[in-house]
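Chain by chain, the residues:
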Amino acid sequence: MSLFLVVALPFLGALLPGLMNQAGRQACAGVTFTVTLAALIGLLTNAPAVLSGEVVQTGVNWLPALGLNVNFMLDGLGFFFACLILGIGLLIITYARFYLAREDHMGEFFTYLLLFQGAMVGIVLSDNILLLLIFWELTSLSSFLLIGYWKHLPEGRQGARMALTVTGMGGLAMIGGMLILGQIAGSYDLSVILQNRELIQESPLYLPALILILLGCFTKSAQFPFHFWLPHAMAAPTPVSAYLHSATMVKAGIFLMARMWPVLSGTTEWFVIVTSAGLITMVLGAVIALFKHDLKALLAFSTVSHLGLITMLLGTGTAFGAMAAMFHILNHATFKAALFMSAGIIDHETHTRDIRLLGGLRHLMPITFVIASIAALSMAGIPFLNGFLSKEMMLEEANHTVLFNTPWLVPALATIGSLFSAAYCFRLIGHTFLGPKRDDYPAAPHDPGPGLWMPPAILVVLVVVIGCAPFLAEPFVKIVTASVLGEAAEVPKAYFKIWHGLVPALYMSIAAVVGGLLLMLIFNPLLSAWENTPRPEAKTIFEAIIAAAVSLAQTVTHGLHNGAFTRYAAIFSVTVLAVGYHAWATGTVGPATRTVQPAGPVELAGWAMLVAATCGLVALHRNRLLALIFIGIVGLMVSVGFVFFSAPDLAMTQITVEVVTIILLLLALNFLPNQTPIESTTLRRVRDGAVALALGAGAMMMSYHFLLREAVQTPISEFHLANSYKGGGGTNVVNVILVDFRGFDTFGEIIVLGIAALLIYALTETLLSGPVRARLLNRMPDQPRAGDMHPMMMVVLTRVMMPVVLMVGFYIFLRGHNEPGGGFIAGLVVSIAVVMQYMASGFAWATARQRYPYHGIIGAGVLIAGLTGIGSWFFGKPFLTSDFTYVRIPPFEKFELATAALFDVGVFLAVVGAVMLSLESFSRLARRAHVKDSDYAMDIDPSRDDPPEPTKPLEGGA
Amino acid sequence: MEFLVASAIGILTAAGTYMVMRLRTFPVILGMSLLTYAVNVFLFASGRLTVSAPPILTDAEVYTDPLPQALVLTAIVISFGMTAVVVMIALGSYLGADDDHVNDPVIDPDAPDGEAKP
């Protein structure tokens, strides 16, 4: 099966559990299991190739300009991890089916789980480091959802947040590191990067790249000093802990270190940083784990410790170390997942995970006892179990590792780590299962059904099989090791054996186990000593840092962003002025190249009207109705200006938009106060005025300067003018640009317009369904109402004009390609025709005659425009390529048929729908506010039988 | 003539900026409309001023620059949509809170119960 499919299956399958939730728990789990199984089988079809040493590769270019390609690669290492992820995934899904309670939303859980699984598989199969980063971030996000799955638990939420913060920050660091690495190697493809060991290690940027990448790995794999998030993430449901925190997510960092091993390892920097971080983590985790009372916390810290062990092995930079690390990943995944699941069983059956409340469970839960004990003994490093083998290899490697020129340091620390590791394993078994049976368990414990114990049992069988017959795992581990090492080193010849003879590692192993047993004998005094020792609490420190960051952000934000819009406007204006002045003062201005065109009296008169209206608006803006009239004059003069300066299309658009805008503002003014009170001080108005004048002067200077100079570059409109008729089939270049050359822009714009209208509609709906509704209904108009709501003259006139205006709109639309006009203008004209009906005949009358909802008209418009664009695909052309032809139907003249006209129909419909939906929404507010709206627009209708309503006394003294 | 257009742009900008810095929603909306005019005319003028040479292909030799016109045309229509949205928001806030100030009320930290004052 293609690697694409292996990666895509969990993502695609993630839709299913959510959809299947209604079908029941069994169906949910079943479909998740099937999806995972399918992905696993797909992976295994590639097994023969991988096991024979080949690298399976597949890929497509995604964003080649960025070096981001969807390339997948399957070698031994990727295969190993993918098997772990999908294989243990299957067990976890089975286990979770029985673990989750009836009230847990199972579909949601499995959806998150599959998303996570897909992201993990993506990481281990990516051949492109940018792609890898995407999957890396996806694991952070999906694990956030999984850890915080029990949203009602504050610990769950906090733990999820902490995990996301720490791993997310590491991820950010890693992005930096990966980009540097890609720059050094000249490619973001792993297969290329892995070939360039010398180039990368000699680069001066090697150290920054290494540190940034390691930050990502260490945070993900919970290495000291970032180890603290993992125990807090244990608030997650146990299947999540077993999956994420034993076998998959925390191994992602390890995986990446292994993946990058051939190019990054072997230097002193790598050795010192990775080995010491690993050693510290290993010892620290083991010591803390011993004193944890919560079973899952104990296991969490033991995971931290074991991850440290693996990191340390990778850090040594030797081939043997890498092999031991790979072997231990396998072993750790088996016994730790089994242990987590056992802890979940104990929690599930006894309703507690506190070791102090447990003990003697071997009588009550024999199956769980056997499973957990074997797994724990393996973790402790007891012979004939797999943990012993890899731990022995670790000790062997430690014995040869010299850190800081102190030969005893690494072996001693490794032994101490193993000693504590053995001790907490013994404590886990002893304090949970051994000892006398108690009678104060929170619930009556008994073994669960096979659904819960089978998955860990399968893993434990593996633990024993590998432990007794290590030669079975040897070839596989060596293939994995070979792909880790790449060309950097040879796979070591060492054999996996239980008995290596009397080597130092054996003595260290014995010392660890015996020491662990001794520690258990003096556990109680040790515990009280531990509890009396003050030590820094990572969670407190973390929270203090977060609180400090939050308060800093708050200070900055609230300082700048205090909700005073006026202030922002002032700050913005002053900033623009300053930047503009800087550009002016530092730049150079060439001589004027255009001659000033003379202005006649008509132009002067137009200018004077514009200026007078603007000044009048500012001076008299407190009377809002008057201000509206002034702005109408301004708009009119702008339109006239457009006509004068050879822009007929703009003029038509401006004047029609002006009409609908004024109607809109009038509708709004119906509700808003009619006056603006004087609130700001004179000083403030003078200050605002000064800023405004300065800005205006700046705008004027700039416009004046460029109006007198030719464009620096030749305008691209030469092309438009030359090709409008030849290529677009129209002589109105503006319209051809809109519907053809820049059709995609226009397409986006009508969508924006439609969204704006829908937004207005949604806001109206919200207002009308909230408390505002009552206020609107009880509102008394503050203006005297007209005595005749629907004056007969106006009703008759608008109805007579309706077909005429529609025809004009149609005409403007049709001529648009060759003469001024087009979809935008026609849409506005038709809207005005319809609005007139609303105004004259009333809302109810107009609505009753409206056949299609305006939303639908917007949608139809966008759809028609989009489909026209898609149509060109069928001819192998890019989106929105237009075509035209000339036809002649006698007795008409020859005329043009262009696909652009169809696109323009879409524009037309979208404009009509958007304008009408906006205005209709506003008038719906008004309609509710009115006392009554007549269905009969002309109140006196002789053809109607029912008598007109008795005339009410008019309020407001009209 | 260039001076007339440039000064019109300047005056519209100044008036728009002044109005945008007012305290109530309605003048701010009018101010934004004025700024819209200013910006549209400015963009339009970037094609330089040409009289009686519309970009309609005929036998003429000289045409004005059609591209700024096309850009401004859609800008005019979009600005209607945006004005409508802003007006709706202003209306909603006025109807909901009986207050058409644009600024958030200043929370007085010294007031005992965080009492808001305009």
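Per chain, residue numbering runs from 1 following the sequence as it is written. Written order determines the labels here, with chains lettered from A and ligands numbered from 1. Under the rules for a predicted model, residues below a pLDDT of 70 receive no local features and side-chain atom pairs below 80 are neither given nor counted, while totals for whole chains, interfaces and linings still include all residues. Neither water nor hydrogens contribute to the side-chain values; these are computed over all heavy atoms in the structure.

K.L.:
Whenever I open this one, the overall build of chain B confuses me. Can you help?
P.N.:
Segments assigned H or I by DSSP are reported as helices when at least four residues long, segments assigned E as strands when at least two residues long, and all are numbered from the N terminus. Looking only at helices and strands, one finds 3 helices and 2 strands in chain B. Three exposure classes are used, based on accessible area relative to the maximum for each residue type with a 1.4 Å probe and protein chains only: buried under 20%, partly exposed in between, and exposed over 50%. A buried classification covers 63% of the 118 residues belonging to chain B. Any pair of residues with heavy atoms lying within 4.5 Å of one another is described as a contacting pair. Restricting to contacts in chain B with at least 6 residues of sequence separation, those with at least 24 account for 47%. Note that accessible areas follow from Shrake-Rupley with a 1.4 Å probe, and for residues the cover is restricted to the protein chains shown. Counting every atom, chain B has about 4300 Å² of accessible surface; 63% of that belongs to carbon and sulfur.

K.L.:
Honestly, the overall build of chain A in this entry has me stumped. Any pointers?
P.N.:
For chain A, the helix and strand inventory stands at 41 helices and 4 strands. Taken against the 2.2 N^0.38 rule, which gives 30 Å for 958 residues, the C-alpha radius of gyration of chain A at 38 Å runs more than 25% over that of a compact globule. Along the first, second and third principal axes, the C-alpha set of chain A runs to 110 × 70 × 70 Å. Expressed as a percentage of contacts within chain A between residues at least 6 apart in sequence, the contacts between residues at least 24 apart total 79%. Total accessible area on chain A stands at roughly 41100 Å², and carbon and sulfur atoms take up 71% of it. Positive and negative side-chain charges of chain A, numbering 52 and 55 respectively, have mean locations separated by a distance of 6 Å. The atom set for the radius of gyration is the C-alpha atoms, and the globule formula is 2.2 Å times the number of residues raised to the power 0.38. Residues counted as positive are Lys and Arg, residues counted as negative are Asp and Glu, and His and the chain ends are not counted. In this description, the location of a charge corresponds to atom NZ of lysine, CZ of arginine, CG of aspartate or CD of glutamate.

K.L.:
It is not clear to me how the domain arrangement of chain A should be interpreted in this structure. Could you clarify?
P.N.:
It is common to give the size of an interface as the accessible area that goes away when the parts come together. Residue and element names in this part refer to chain A. Split by domain assignment, chain A resolves into domain 1 (281-526), domain 2 (599-677) and domain 3 (723-941). Boundaries between domains were set according to an automatic or database domain assignment. Computed from C-alpha coordinates alone, the two centres of domain 2 and domain 3 are separated by 23 Å. Taken together, the contact pairs 15 residues of domain 2 with 23 residues of domain 3. Roughly 1700 Å² is buried in total at the junction of domain 2 and domain 3, and carbon and sulfur atoms are behind 74% of that figure. Criterion for a salt bridge: a side-chain nitrogen of Lys or Arg within 4 Å of a carboxyl oxygen of Asp or Glu. For the interface between domain 2 and domain 3, the tally reads 0 salt bridges. Throughout this description, a polar contact denotes any pair of N or O atoms lying within 3.5 Å of each other; where both atoms belong to protein, one of them has to be capable of donating a hydrogen while the other can accept it, and for residues adjacent in sequence the pair is counted only when both atoms sit in side chains. At the junction of domain 2 and domain 3, the tally comes to 2 residue pairs in polar contact (both at pLDDT 80 or more). When grouped by side-chain class, the residues that make up the side of domain 2 that touches domain 3 number 10 nonpolar, 4 polar and 1 charged. Each of two parts loses accessible area, computed with a 1.4 Å probe, when they are put together; buried area is these two losses added. Gly is put with the polar residues, along with every residue not named as nonpolar or charged; the nonpolar set is Ala, Val, Leu, Ile, Met, Phe, Trp, Tyr, Cys and Pro, and the charged set is Asp, Glu, Lys and Arg.

K.L.:
What should I look at first to understand the environment of A:Val514 in this one?
P.N.:
Turning to its location among the elements, A:Val514 is positioned in helix H25 (residues 504-521). With 91 residues separating them along the chain, A:Val514 and A:Ala423 place their C-alpha atoms 9.1 Å apart.

K.L.:
I tried to follow the interface of chain B and chain A on my own but got confused; where do I start?
P.N.:
In this complex, chain B contributes 80 residues to the contact, which on the side of chain A involves 111 residues. Between chain B and chain A, the buried area comes to about 8700 Å², and carbon and sulfur atoms account for 78% of it. If you sort the residues of chain B by the area they bury against chain A, B:Phe26, B:Arg48 and B:Phe80 come out on top, with a joint share of 9%. Linking chain B to chain A there are 3 salt bridges.

K.L.:
I would appreciate a short explanation of the nonpolar core in the present structure.
P.N.:
As a rule of thumb, nonpolar side chains are buried together in soluble globular proteins. Residues and elements named next belong to chain A. Counting 201 residues, the largest nonpolar core has Leu 125, Met 178, Trp 229 and Met 326 as the members making the most contacts within it. In contact with Met 178, not counting residues within four places along its chain, are Ile 129, Leu 132, Leu 133, Tyr 188, Ile 213, Leu 256 and Met 260. Leu 664, Val 830, Val 834 and Val 907 belong to the second-largest nonpolar core, a separate cluster that totals 120 residues. The criterion is simple. A nonpolar core is a set of buried Ala, Val, Leu, Ile, Met, Phe, Trp, Tyr and Cys residues joined through side-chain atoms within 4.5 Å.

K.L.:
When you look at the pattern of salt bridges in this model, what are you seeing that I'm missing?
P.N.:
Oppositely charged side chains are able to pair whenever their charged atoms sit close together. Following the criterion strictly, the structure yields 15 salt bridges over all chains and no others. Put simply, B:Asp100 and A:Arg624 hold a salt bridge, and the shortest N to O gap is 3.0 Å. Pair noted here: B:Asp100 is in the loop between helix H3 (66-97) and strand E1 (106-107) and A:Arg624 is in helix H30 (residues 624-644), and the two residues belong to different chains. Pair check on accessibility: B:Asp100 and A:Arg624 agree, each one buried.

K.L.:
I keep staring at the packing of aromatic side chains and nothing clicks. Help me out?
P.N.:
Aromatic ring pairs: the centre-centre distance and the angle between the two ring planes describe each pair. Residues and elements named next belong to chain A. A pair of aromatic rings is counted whenever rings of Phe, Tyr or Trp (Trp by its six-membered ring) have centres within 6.5 Å, and the orientation is called stacked for planes under 30 degrees apart, edge-to-face for over 60 and tilted otherwise. Considering all chains together, one arrives at 24 aromatic pairs over all chains under this definition. Look at Phe 81 and Phe 255: their rings are 5.0 Å apart centre to centre, the planes differ by 75 degrees, and that puts the pair in the edge-to-face class. Here the residue Phe 81 occupies a position in helix H5 (residues 76-99), and Phe 255 occupies one in helix H14 (residues 249-259), the gap between them amounting to 174 residues. Each of the two residues, Phe 81 as well as Phe 255, counts as buried. Each ring, one from Phe 744 and one from Phe 879, has its centre 5.3 Å from the other, and the planes form 80 degrees; the classification is edge-to-face. Separated by 135 residues along the polypeptide, Phe 744 in helix H35 (residues 743-769) and Phe 879 in the loop between helix H40 (854-871) and strand E3 (884-887) bring together distant segments of the chain.

K.L.:
Hey, could you run me through the pairing of strand E1 (residues 56-63) of chain A in this one?
P.N.:
Both faces of the sheet carry side chains from a regular strand, because those side chains alternate between them. By the bridge criterion, 7 bridges tie E1(A) to strand E2 (residues 68-74) of chain A in an arrangement that is antiparallel. Counterpart to A:Gly59 in the pairing with E2(A) is A:Asn71. Note: two strands are recorded as paired if DSSP finds a minimum of 2 bridges between them.

K.L.:
How do you make sense of the confidence of the model for chain B when you look at a structure like this?
P.N.:
Reading fine detail from the predicted coordinates is not recommended where pLDDT is low. For chain B, the average pLDDT comes to 85, and 89% of its residues sit at 70 or higher. pLDDT gives the predictor's per-residue confidence on a scale running from 0 to 100. Throughout residues 113-118 of chain B the model reports pLDDT below 50, and contacts reaching past four residues in sequence, or to other chains, amount to 10 contacts.

K.L.:
It is not clear to me how a nonpolar patch on the surface should be interpreted in this structure. Could you clarify?
P.N.:
Residue and element names in this part refer to chain A. Nonpolar side chains (Val, Leu, Ile, Met, Phe, Trp, Tyr) are joined into patches within 5 Å and like charges within 9 Å, using only residues with over 30% relative accessible area and no salt bridge. A surface patch of nonpolar side chains, about 530 Å² in accessible area, is lined by Trp 62, Leu 63, Leu 66, Ile 134, Leu 138 and Leu 141. Residue assignment for the nonpolar patch shows that the elements contributing at least two residues are E1 and helix H7 (129-147). Considering each element in turn, the nonpolar patch owes the most residues, 3 residues, to H7. Along the chain, Ile 134 falls in helix H7. By relative accessible area, which is 34% here, Ile 134 ends up partly exposed.

K.L.:
Looking at this structure, how should I read the confidence of the model for chain A?
P.N.:
When pLDDT is averaged along chain A, the result is 84, and 96% of the positions lie at 70 or above. Between residues 953-958 of chain A, whose pLDDT stays under 50, and residues either more than four places distant or in other chains, the model counts 5 contacts.

K.L.:
I keep staring at the packing of H7(A) against helix H8 (residues 154-185) of chain A and nothing clicks. Help me out?
P.N.:
In a packed pair of helices, the relevant descriptors are the angle between the two axes and the axis-to-axis distance. Residues and elements named next belong to chain A. Packing of H7 against H8 brings their axes to within 8 Å, and their N-to-C directions diverge by 175 degrees. Between H7 and H8, the angle falls in the class roughly antiparallel. Here the contact of H7 with H8 is built from residues that sort into 16 nonpolar, 7 polar and 2 charged. To get an axis, fit a line to the C-alpha atoms, keeping to the stretch in contact for a helix; angles then go from 0 to 180 degrees between the N-to-C directions. Any angle between 65 and 115 degrees counts as roughly perpendicular, while under 35 counts as roughly parallel, over 145 as roughly antiparallel, and the rest as oblique.

K.L.:
What should I look at first to understand helix H17 (residues 295-315) of chain A in this one?
P.N.:
Each α-helix turn comprises 3.6 residues. Residues three or four places apart therefore point the same way. Residue and element names in this part refer to chain A. Taking 1.5 Å of rise per residue, the 21 residues of H17 would be expected to cover 30 Å, and the 30 Å separating its terminal C-alpha atoms lies within 8% of that figure. Where burial is concerned, most of H17 is hidden: 21 out of the 21 residues are buried. Structurally, the start of H17 carries an N-cap: the backbone nitrogen of Lys 296 is 3.0 Å from a side-chain oxygen of Asp 294. Looking one or two residues past H17, Gly 317 carries a phi angle of roughly 80 degrees, positive in sign. One fewer than the residue count of a helix, multiplied by 1.5 Å, yields its expected span.

K.L.:
Before we go on, may I ask you to explain the environment of A:Leu806 in this structure?
P.N.:
One can find A:Leu806 in helix H37 (residues 792-815). Separated by 184 residues in the primary sequence, A:Leu806 and A:Arg622 place their C-alpha atoms 38 Å from one another.

K.L.:
Can you help me understand unusual backbone geometry in this one?
P.N.:
Across the chain, the bulk of peptide bonds are trans and the bulk of non-glycine residues have phi less than zero. Of note, the amide linkage connecting A:Phe224 to A:Pro225 takes the cis form, showing an omega dihedral of 5 degrees. For A:Phe384, which is not glycine, the phi torsion reads 70 degrees and is therefore positive. Of note, A:Phe384 is situated in the loop between helix H20 (366-380) and helix H21 (386-399). A positive phi angle, near 55 degrees, is found at B:Ser52, a position not held by glycine.

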